[in-house]
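Understanding the architecture of this molecule
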Amino acid sequence: MEQSRWLRRTGPARLEYGADYNPEQWPRAVWDDDVRAMRTAGVTIVTLGVFSWALLEPAEGQYDFGWLDDAMDLLHRNGIAVDLATATASPPPWLATGHPEILPVDADGVTLGPGGRQHWRPTSPVFRTHALRLTRALAERYRDHPALVAWHVSNELGCHNVHDYSDDAAAAFRSWLRTRYETLDALNAAWGTAFWSQHISDWAQILPPRRAASFPNPTQQLDFRRFSSDALKEHLRAERSVLREVTPDVPVTTNFMVMGDTRGMNYADWAAEVDFVSNDHYVQPGPGRDELSFSANLTGGLAGGRPWFLMEHSTSAVNWQPVNRAKRPGELARDSLTHVAYGADAVCFFQWRQSAAGAEKYHSGMIPHAGEDSALFRAVTDLGRRLGDLATLAGTPRTPARAAILFDWESWWATEADSHPSSRLRYRQEALDWYTAFLNLGVRVDVLPVAAALDGYALVVAPILHMLPGALATRLTGFVAAGGHLVTTYFSGIVDENDHVWLGGYPGPLRDLLGLRIEEFGPLLDDEAVTLDNGATGTLWTDRIDVTAPDVEVLARYTSGDQAGRPAVTWRRGASYVSTRLGPAGLAPVLGDLLARAGVTSELPPGLRGRVELAVRGGYRFLINRTASPVELDDGTELPGTGVVIVAAR
Ligand code: GAL
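This report concerns the structure included in the present document. Just so we're clear, the structure is a prediction, and the values are computed from it rather than from any experiment.

About the cut-offs
Residues numbered from 1 in each chain as written. Predicted model: local features only at pLDDT ≥ 70, side-chain atom pairs only at ≥ 80, totals over all residues. Heavy atoms only, no water. Helix = DSSP H or I, 4+ residues; strand = E, 2+ residues; numbered from the N terminus. Expected span 1.5 Å × (residues − 1). Contact = heavy atoms within 4.5 Å. Pairing = 2+ DSSP bridges. Axes fitted to C-alpha atoms, helices over the stretch in contact; angles between N-to-C directions. 1 Å grid on protein atoms, 1.4 Å probe; cavity = no way out; pocket = protein on both sides within 12 Å on 5 of 7 lines; lining within 4 Å. Points joined across faces, edges and corners; volume = space filled by probe spheres on them. Nonpolar A, V, L, I, M, F, W, Y, C, P; charged D, E, K, R; others polar. Salt bridge = Lys/Arg side-chain N within 4 Å of Asp/Glu carboxyl O. Buried < 20%, exposed > 50% of the residue type's maximum accessible area, 1.4 Å probe, protein only. Near = heavy atom within 4 Å. Polar contact = N/O pair within 3.5 Å; in protein donor to acceptor, adjacent residues only side chain to side chain. Areas by Shrake-Rupley, 256 points an atom, 1.4 Å probe, with all protein chains shown as cover. Sits in = over half its atoms within 2 Å of the grid points.

Here we take up helix α1 (residues 28–41). If you check α1, its first and last C-alpha atoms are 20 Å apart, about what 14 residues at 1.5 Å a residue would give, namely 20 Å. On its buried face, α1 is in contact with β1 (16–21), β2 (45–48), α3 (66–77) and α12 (375–389).

Shown next as structure tokens:
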């Protein structure tokens, strides 16, 4: 990662607070109310212009910056900084109708129409030309504006348009493949095209994996995912180049979406492209709050442990889930402070004032429909005050834990590809299960991109590390040889970077390390479960394990199902294997044992473990109540339900 840069700002360091601000949705008179209320709430920064293209460039090449000048000046007069968007996220109607060749095409060949947002092909040269022209115009206009502290490229790149199957995409995919493979022989070998009569004899025969009669070639699908992530990254770089040329002193960021099931963008690969990492996170009812913590933690990992910018989350309900629950009292502050605990130096929301019209009018904002006289605005103001008091945290790195969970986008993609032994595996859920198990035991763990340095970690968990290139296998083996403890799970170490199976028995390059060999997988049907002799229940998967080394310890055996009597969980000189999905409850005893072997202990008193989550940064301990009930801390004070206390580390 390049040396990270924070906002172009003077004055004492502080945690920033704010929102997406869309003044163009409101009459001018409301803006004065807005800035007054922002000051009341402790707002220090807003993101401006995210969806403003149609108003900034109402006709091709004709700009109307007057209203934006006014908004920038007004904000500056009120001491509020601006993270200015390049406004290219959503093309205006004149562009989409005048140049329909910018519109994305789905896998079925359907062209997506305008009328929503983000209806552009990442590889469209026409779109790129228009987007870069607007970017340059904005950069030149606002380069010296004192409110400008950062550039916000586009918005949530890939939220709706990551996989485009258009002819532009086909051409760009071919050129990406030429760079990757150089020769068709190499491409044919990597794609395994001897299978199903897929041999390619001319580059022109290569297409995106459009809807096919049967499973498209798996390596083609994998490469298309890589290419699609890269195509958006190229767009980020293209806008960034213009911005750096015109305003070299202004840092550039774009908001990632490390959350839930969003998987199209390999953020581990994008993180080095921005001056500081930004993330958007929305809580979803199913995965719950541990998912928020996991995402914040992983975002911190992407930022290399340095501070990052929470660009968006919600004060209360969103509008895009089947049912949109309001946050309960305390959740607003707890969610925000959890992000801060894992390194956020800015806490921002979508959006400042809840819209009265448009598709997001039922999405919460900092000022709800009810106005400032509302419990929500009071909670927003309280949080602003609290963040103001935490200025000493600004700029501080997180304190590394002794355990880590590795996260790998390519294994995510490869694990959940089609034509597999089971379509039920969920890569991120397995990682999250382990995370919850750590939290349940009260043990801190860092979530890291798989390429992160592992020095200093005593225990590393690599859940479903399905794609294991040889170099990574060597690195993990070296980590164990150097005294580290590695845990991996079912369906790990199965394929190389081309999605070719490592032969000779599973899990190929980890067989010797683990001292076991698997000849056949044993996926379970939806209504099947197996029991283990430690009392746990396994679902989803089993392996028929043969132990191949004398020093393998069997930590748990199957007591039912096809593998009854065989090992379920093993350990060999610091390398451990878990062959079924145990879920957080089933993982707890296993993880407890592995932590003890690795010498990793909880930093919380026994009474708090599981109920309280601990994070440490900048010499402060964050104690986050995971429950809705009060918890008595060891100093006799009470941590309210859903509450967070931040105390100087002893
Ligand atoms: C994000 C987006 C925002 C807003 C928000 C609603 O995807 O960047 O503009 O739509 O979600 O949750």
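From this point on, the discussion continues.
So, about the sheet that holds strand β6 (residues 255–256). As summarised here, the arrangement of the 9 strands in space is β5-β4-β3-β2-β1-β9-β8-β7-β6, forming an open sheet in which the pairing is parallel. At either margin of the open sheet sits one strand with a lone partner, and together these are β5 (252–253) and β6. Strands in contact with α3 are β1, β2, β3 (81–85) and β4 (148–152); relative to β2, the strand with the most contacts, it is inclined by about 175 degrees.

Under the criterion given, the structure shown has 5 cavities of 30 Å³ or more. Of the voids in this model, the largest cavity is the one considered here, and its volume is about 120 Å³. Lining the largest cavity are 20 residues, with Y342, R444, V445, L614 and A615 sitting closest to its centre. Mapped by element, the contributors of at least two residues to the lining of the largest cavity are α14 (427–441) and β21 (612–617). Here the lining of the largest cavity gets 5 residues from one element, more than from any other, and that element is β21. Classifying every residue of the lining of the largest cavity gives 13 nonpolar, 3 polar and 4 charged. Here the second largest cavity defines a volume of roughly 50 Å³. What lines the second largest cavity is F51, A89, R117, Q118, N155, E156, C159 and H160.

Let's shift gears to the pattern of salt bridges. Any two side chains of opposite charge can pair, so long as their charged atoms come close to each other. The full count for this structure, using the stated rule, is 49 salt bridges. A salt bridge links E372 to R36; the nearest nitrogen and oxygen atoms lie 2.9 Å apart. Of this pair, E372 sits in the loop between β9 (344–349) and α12 while R36 sits in helix α1, and the two are 336 residues apart along the sequence. What makes E372 partly exposed here is its relative accessible area of 26%. One salt bridge in this structure joins D275 and R244, with 3.0 Å as the shortest N-O distance. With D275 in the loop between α9 (267–270) and β7 (278–280) and R244 in helix α8 (residues 218–246), the pair connects residues that are 31 residues apart, well separated along the chain. Residue class for D275 comes out buried when judged on its relative accessible area of 4%. Where salt bridges share partners, they join R180, D223, R226 and E410 into one cluster.

Here the focus is the site of the ligand. Taken together, F51, R117, N155, E156, D280, Y282, E312, W320, F350, E360 and H363 are the residues near the ligand. Between the ligand and R117 there is a distance of 2.8 Å, counted from an oxygen atom to a side-chain nitrogen or oxygen. Here an oxygen atom of the ligand sits 2.3 Å away from a polar atom, N or O, in the side chain of E360. Calculation on the ligand without its partners gives an accessible area of 310 Å², and the protein chains cover 96% of this total. If you map the ligand onto the pockets, it falls in the largest pocket.

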